[in-house]
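Tertiary structure, described
Chain residues, written in single-letter form:
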Amino acid sequence: MFARSRHGSRNGDNGTRGSMFASYQSCFSCKARYRANERVFRCERCKGSLLLVYDRLPQRKAVRSKAFALTRPHHWKYWMFYPVRRERAITMEEGGTPLLQSKTHNLWFKYEGENPTGSFKDRGSTVEITHAKELGVSRVLCASTGNMGASVAAYASRAHMQAEIWLPKGTPPVKTRQIKAYGGRVVRYGRTYNETLEKTFELAKRAYLAGDYAYRLEGQKSVAFEIADQLKWRVPDYVVVPVGMGTLAFATYKAFAELEALGLTSRMPRLVAVQAAGCAPVVQAFEKNSHMIIQVNNPRTIASAINCGYPNYGHEVLRALRKTKGLAVAVTDKEIIAAQRALGKEGIFAEPGGAASYAGFLKAGLKGSVVCVVTGSGLKDPFAGAKRRSK
Ligand SMILES: [Zn+2]
């Protein structure tokens, strides 16, 4: 922790500051502090999630520069909000994805299928793998429902690292193939994603544990930075996000809060968290006005990308929903498939997990300006929801 590691180099980082403007990591639950680039994936005291805290003065100076104003929206434009050095970035020019206006509603789609590996995960991976590289890591380990694994495998290869990706039963074959194509080693373990994830905790000592932790969360913020930038810093009334582990939803909240704190924007959007009805622990807690997230032991949905029975960032998402007067919506597989078809009419082929946000929008009947984050390409799981013609 902070006091212990400040003078030491037990992470083998030679005492260099890995971060640009990041000051320290703070535990969401017990507020324990850790050094900004310390190799911890959750609080050693209480197992809570860790959040990067920044020095706002240099951040403010950087976003007021002419260079910032003149740069087109893309992931690394917002380097001042990340805890790694941009000159060392392991990047595939992720981000800069289109914000497409709907033909039929006062709504925009942030289409994340345009990222290098076909999902929003690349934004987290570029920051996370850059951090791993800064620490001198040669092996990364990751539990995934498929998209994160593919993304981590690709970025690890770019960084000359070995990636071992642990997948639960039912991972779509295209995602497995994609991981192998990038040179990742696939290990199948567990009936559910949370079983797979628990197993990787035991192995965290032998490799860098990539996943829904502080550094990935920081990278995921760029979805929100780009939305605000593409709308000329006018914040929409609602941002609708599919929730599996909750990383993207909470990153979206953290990003908008950071923009507001620097004066780039003047308000917060209302956050809308969408889960599949067969796996909706956040929605259940929200509806009961409870702070307790109860694990779903038999999560079931066609939307494999958000089939996570116990979200790492569940408590954080609940807080974000309450702070922004947001809402949580559960959608059935049938509603997800209908939304997937409707998105097709807008020219977007989304995987079921990605179409969940639009399904949530349609179900909640939101009024005002809305952005739906469509998190992944339909090519990731092309036959999910398709009618079977033959066996
Ligand atoms: Zn803690």
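Residues numbered from 1 in each chain as written. Predicted model: local features only at pLDDT ≥ 70, side-chain atom pairs only at ≥ 80, totals over all residues.

Topic: the overall build of the protein chain
To keep it simple, the criterion reads: Strands are runs of DSSP state E lasting at least 2 residues, helices are runs of H or I lasting at least 4, and numbering of each runs from the N terminus. With C-beta atoms placed from the backbone, the exposure class of a residue follows from how many other C-beta atoms lie within 10 Å of its own: 20 or more, buried; 12 or fewer, exposed; in between, partly exposed. Residue pairs qualify as contacts under a 7 Å threshold applied to their C-beta atoms, which are placed from the backbone.
Secondary structure assignment for the protein chain yields 14 helices and 13 strands. Taking all 391 residues of the protein chain together, the buried fraction comes to 56%. A sequence separation of at least 24 residues applies to 70% of the contacts in the protein chain between residues at least 6 apart.

So, the domain arrangement of the protein chain
Quick reminder of the rule: For every domain, the bounds stem from an assignment made automatically or drawn from a database.
The domain boundaries assigned to the protein chain delineate domain 1 (2-54), domain 2 (99-119 + 217-380) and domain 3 (121-215). The C-alpha-based centres of domain 1 and domain 2 are spaced at 28 Å.

Points about helix α4 (residues 121-134)
Stated formally: A helix is expected to span 1.5 Å for every residue after the first.
With 14 residues, α4 should reach 20 Å at 1.5 Å per residue; the first-to-last C-alpha distance of 20 Å fits that figure. Of all the 14 residues making up α4, 14 are buried; the element is thus mostly covered by neighbouring parts of the structure. Phi for G136, located one or two positions after α4, is positive at around 80°.

Remarks on the sheet that holds strand β2 (residues 33-35)
We apply this condition: Should DSSP find at least two bridges between two strands, the strands are regarded as paired. Throughout, an axis means a line fitted to C-alpha atoms (over the contacting stretch in the case of helices), and angles, computed between N-to-C directions, take values from 0 to 180 degrees.
Strands sit in the order β2-β1-β3 across an open sheet of three strands; the sheet is antiparallel. Because the sheet does not close on itself, it has two edges, and the strands there are β2 and β3 (50-54). For this sheet, the mean angle separating the axes of adjacent strands, direction not counted, is 35°. When strand β1 (residues 22-27) meets β2, the two strands line up antiparallel, connected through three bridges. In the sheet register, Q25 faces β2, and the bridge partner there is Y34.

Remarks on the sheet that holds strand β8 (residues 185-188)
Reading across from one edge, β8-β7-β6-β9 is the order of the four strands in this open sheet, with parallel pairing throughout. The open sheet has two edge strands with one neighbour each: β8 and β9 (208-210). Each adjacent strand pair in this sheet contributes to an overall mean axis angle of 25°, direction not counted. In this structure, strand β7 (residues 162-167) lies alongside β8, joined through four bridges in parallel fashion. Looking across to β8, one finds that L167 is bridged to R188.

With respect to the packing of helix α13 (residues 333-345) against helix α14 (residues 352-364)
For clarity, the cut-off: An angle below 35 degrees is read as roughly parallel, one above 145 as roughly antiparallel, one from 65 to 115 as roughly perpendicular, and any other as oblique. Three classes are used, and their members are as follows: Ala, Val, Leu, Ile, Met, Phe, Trp, Tyr, Cys and Pro are nonpolar, Asp, Glu, Lys and Arg are charged, and the others, Gly among them, are polar.
Across the interface, α13 lies against α14 with an axial gap of 8 Å and an inter-helix angle of 95°. Classified by the angle their axes make, α13 and α14 are roughly perpendicular. Judged by residue contacts, E335, I336, A339, Q340, A342 and L343 of α13 engage P352, A355, A356, Y358, A359, L362 and K363 from α14. Here the residues of the contact of α13 with α14 are counted per class, giving 10 nonpolar, one polar and two charged.

Quick notes on the nonpolar core
So the rule is basically this: Note on definitions: a nonpolar core is a set of buried residues drawn from Ala, Val, Leu, Ile, Met, Phe, Trp, Tyr and Cys, linked by C-beta atoms within 7 Å.
Counting residues in hydrophobic clusters, the biggest one holds 117 residues, and the most contacted among them are V240, A273 and V282. Residue contributions to this core peak at eight residues, all from helix α10 (residues 247-261). With residues near it in sequence (within four places) discarded, V240 still touches V272, V274, S357, G360, F361, V370, V371, C372 and V373.

Re the environment of V223
As for its position among the elements, V223 is in helix α9 (residues 222-230). Sequence separation of V223 and L327 is 104 residues, and the distance between their C-alpha atoms is 19 Å. If we ignore the near neighbours within four places in the chain, the residues touching V223 are K110, E112, F120, R123, L248, T252 and V373.

Observations concerning the confidence of the model for the protein chain
Rule in force here: One confidence number per residue, pLDDT, is output by the predictor and ranges from 0 to 100.
The predicted model of the protein chain has a mean per-residue pLDDT of 92, with 94% of residues at 70 or higher. In the predicted structure, residues 1-18 sits below a pLDDT of 50 and forms 30 contacts with residues beyond four places in sequence or in another chain.

What to know about the pairing of β1
Burial within β1 is extensive, with five of its six residues counted as buried. As judged from the five bridges shared by β1 and β3, these two strands associate in the antiparallel manner. For Y24, the partnering residue across the bridge sits in β3 and is V53. Between β1 and β2, which pair antiparallel one after the other, the connecting turn spans five residues, and K31 there sits at a positive phi close to 70°.

Comments concerning the packing of α9 against α10
What counts, and what does not: In this scheme the handedness of a crossing depends on how the near helix is turned from the far one: anticlockwise by less than a right angle means left-handed, clockwise means right-handed.
The contact between α9 and α10 brings their axes to 7 Å, and the two run at 50°. It follows from the interaxial angle that α9 and α10 lie oblique. Crossing hand, α9 versus α10: right-handed. From α9, V223, A224, F225 and A228 reach across to α10, where they touch L248, T252, A255, F256 and L259.

Concerning unusual backbone geometry
The phi angle at K31 is positive, at roughly 70°, despite the residue not being glycine. Among the structural elements, K31 can be located in the loop between β1 and β2. Residue class for K31 comes out exposed when judged on the 11 C-beta atoms lying within 10 Å of it. The residue K232 is not glycine, and still its phi comes out positive at about 60°. Here K232 shows up in the loop between α9 and β10 (238-242). On the basis of neighbour counts, which here come to 6 C-beta atoms within 10 Å, the residue K232 falls in the exposed class.

So, the environment of R60
Tracing the backbone shows R60 in helix α2 (residues 56-63). Judged by the 15 C-beta atoms lying within 10 Å of it, R60 is partly exposed. Separated by 203 residues in sequence, R60 and G263 have C-alpha atoms that sit 8.4 Å apart.

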